[in-house]
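Take a look at the letters that make up each chain.
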Amino acid sequence: MVEGYYDLCIRCLPEDDIAMERLVSLAKHLGFNGAGIMQATNNSKGPTLKSRSFNAYFDLANGIEIYEDNPAKLHSHLVRYDPKVNFVMVRGGTDKLDRAAVETTYTDILSLPFGIKGSGLDHVIARSASDRGIALEFDVGSLIRYRGGKRVHTITELEQRLMLARKFKVHMVLTSGARSIYDMRGPRELIALAGLFGMTKEEAIKAMTVTPAAILKKRRLPGGFIMKGVELANERIYSEE
Amino acid sequence: MKTLPSSLRERKRYLAIEVISKSDVTREELIREIFAATGSLYGDIGSSECGLRLLDFEKQKGVIRCSHMMTERSRAALATINTIGGQRAIVHVLGISGTVQGATQKYIQCATISRPEHISI
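The notes below deal with the structure included here.

Things to note about the interface of chain B and chain A
Counting residues at the interface gives 25 residues for chain B, matched by 22 residues for chain A. Together chain B and chain A conceal approximately 2200 Å² of surface at their shared face, both sides included; 56% is due to carbon and sulfur atoms. In this assembly, chain B and chain A are joined by two salt bridges. A salt bridge links A:Glu189 to B:Arg75; the shortest N-O distance between them is 3.6 Å. The tally of links from chain B across to chain A stands at nine residue pairs in polar contact (both at pLDDT 80 or more). For the side of chain B that touches chain A, the elements supplying multiple residues, two or more each, are strand S1 (12-21), helix H1 (27-50), helix H2 (71-79) and strand S5 (87-97) of chain B. At five residues, S5(B) tops the list of elements feeding residues into the side of chain B that touches chain A. Residues that form the side of chain B that touches chain A fall into these classes: eleven nonpolar, nine polar and five charged.

Re a negative patch on the surface
Together, A:Glu15, A:Asp16, A:Asp17 and A:Glu21 line one region of the surface with negative charge. Positionally, A:Asp17 belongs in helix H1 (residues 17-30).

So, the pattern of salt bridges
Residues and elements named next belong to chain A. Counted under the stated rule, the structure contains 13 salt bridges over all chains. The closest approach of N and O atoms between arginine 99 and aspartate 122, which form a salt bridge, is 3.8 Å. Taken together, the positions of arginine 99 in helix H3 (residues 95-102) and aspartate 122 in the loop between strand S5 (109-111) and helix H4 (123-132) put the pair 23 residues apart, joining distant regions of the chain. Taking the relative accessible area as the measure of exposure, arginine 99 reaches 33% and is therefore partly exposed. Because the salt bridges share partners, they merge into one network encompassing Arg11, Glu65, Arg91, Glu137, Asp139 and Arg179.

Some points on the pairing of strand S4 (residues 87-91) of chain A
All names here are of chain A. Across the five residues of S4, five count as buried, placing the element largely inside the fold. What you see with S4 is no split at all: Phe87, Met89 and Arg91 on one side and Val88 and Val90 on the other are buried throughout. Where strand S3 (residues 59-67) meets S4, five bridges bridge the pair, whose relative direction is parallel. Across the sheet, isoleucine 66 pairs through a bridge with valine 90, a residue of S4. With respect to chirality, the unit in which S3 leads through helix H2 (residues 71-81) into the neighbouring parallel S4 is right-handed. Pairing analysis gives three bridges linking S4 to S5, with the strands arranged parallel.

Observations regarding helix H7 (residues 187-194) of chain A
Within H7(A), seven of the eight residues are buried, which leaves the element mostly enclosed by the surrounding structure. Looking only at H7(A), the buried set comprises A:Pro187, A:Glu189, A:Leu190, A:Ile191, A:Ala192, A:Leu193 and A:Ala194. Buried-residue contacts for H7(A) involve H1, helix H5 (141-145), strand S7 (172-175) and helix H8 (201-208) of chain A together with H2 and S5 of chain B.

Some points on the packing of aromatic side chains
Tallied over the entire structure, the rule returns one aromatic pair over all chains. Their ring planes at 5° and their centres at 5.9 Å tell us that A:Phe138 and A:Phe197 sit as a pair that is stacked. One end of the pair, A:Phe138, is in strand S6 (residues 135-139); the other, A:Phe197, is in the loop between H7 and H8, with 59 residues separating them in the sequence. This pair shows no difference in class: A:Phe138 is buried, exactly as A:Phe197 is. Above the face of the B:Tyr42 ring, B:Arg73 is positioned so that its terminal group lies 4.7 Å from the ring centre.

Quick notes on the rules
- Residues numbered from 1 in each chain as written.
- Chains lettered and ligands numbered in written order.
- Predicted model: local features only at pLDDT ≥ 70, side-chain atom pairs only at ≥ 80, totals over all residues.
- Heavy atoms only, no water.
- Contact = heavy atoms within 4.5 Å.
- Buried area = accessible area lost by both parts, 1.4 Å probe.
- Salt bridge = Lys/Arg side-chain N within 4 Å of Asp/Glu carboxyl O.
- Polar contact = N/O pair within 3.5 Å; in protein donor to acceptor, adjacent residues only side chain to side chain.
- Helix = DSSP H or I, 4+ residues; strand = E, 2+ residues; numbered from the N terminus.
- Nonpolar A, V, L, I, M, F, W, Y, C, P; charged D, E, K, R; others polar.
- Patch = residues over 30% accessible without salt bridge, like charges linked within 9 Å, V, L, I, M, F, W, Y side chains within 5 Å.
- Areas by Shrake-Rupley, 256 points an atom, 1.4 Å probe, with all protein chains shown as cover.
- Lys, Arg positive; Asp, Glu negative; His and termini not counted.
- Charge placed at Lys NZ, Arg CZ, Asp CG, Glu CD.
- Buried < 20%, exposed > 50% of the residue type's maximum accessible area, 1.4 Å probe, protein only.
- Pairing = 2+ DSSP bridges.
- Right-handed = clockwise from strand over helix to strand, strands pointing away.
- Phe/Tyr/Trp six-rings, centres within 6.5 Å; stacked < 30°, edge-to-face > 60°.
- Lys NZ or Arg CZ within 6 Å of the ring centre and 35° of its normal.

Right under this line is the structure:
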């Protein structure tokens, strides 16, 4: 796996290989060593989970963003998509849904929407996420897309989330949340944008390097493993015996 | 008016930038967007503290001057630009230097030229 900066939540799915190549070349040009292409379950076409060619110089991961209003159905989605992707993100919303998301071991990242009254990160969710090692997404794309009052509210919400994440030691993932390649920003730009809501440079770097790498490493089987729990034993050891 | 001696002048930093867009943008369009973005993010007082000024812009690359304590703020403001002259664009900071010459030599002349048509949708 390539070590370096990761933008784990690129929410645009390139239509063909040429568009994918453009996305990867732009991400490399901006200074990223890896990226995660997110597909949403509420997409009208449905997620296409084809495996992508692994580039030695750029780590491209497949992710799934689960949109489900009913907390009871969330688990079935998680079980269905978990083996097919490199990481799973759950889109929160209501308190019940957020709590259901942080109570499973399948969730890697919790993404919370902005501007929904009566929802958001609270101390209960933050503690649960911290206990289970679930990361919290800090999407600075909303700071790029929005202007005026909406951006003001977004910054306030991000400040609140940062305060809770620091207090309960929740892992943080800093993302651009790009809907198109023109929404992508370089790592230094994302650090500067994260500084607007009080995230320090060290926290922002960790949220783009260590945390995403740990999330991807968790699901990728180390060399020699055929599947979870099954490792190909070294033949030489047996021949010597 | 006489030029201030160098010890009394405000310290500056120079940001080497490139614009990534489908077709070329003009200098005027870029200036308009820079001031709109900083004005929207920091207001008039914050914008004046940043002291942004576009010095040179040619072939989608240029140098922006800002106050030496406001480099991160300026970078954040430039990152919030998403359209220039009605078309989607990215303002990417290639690097920051203490002199115009440094910014030009280190980041603009040596940088690999990103062809806008190759990274358009």
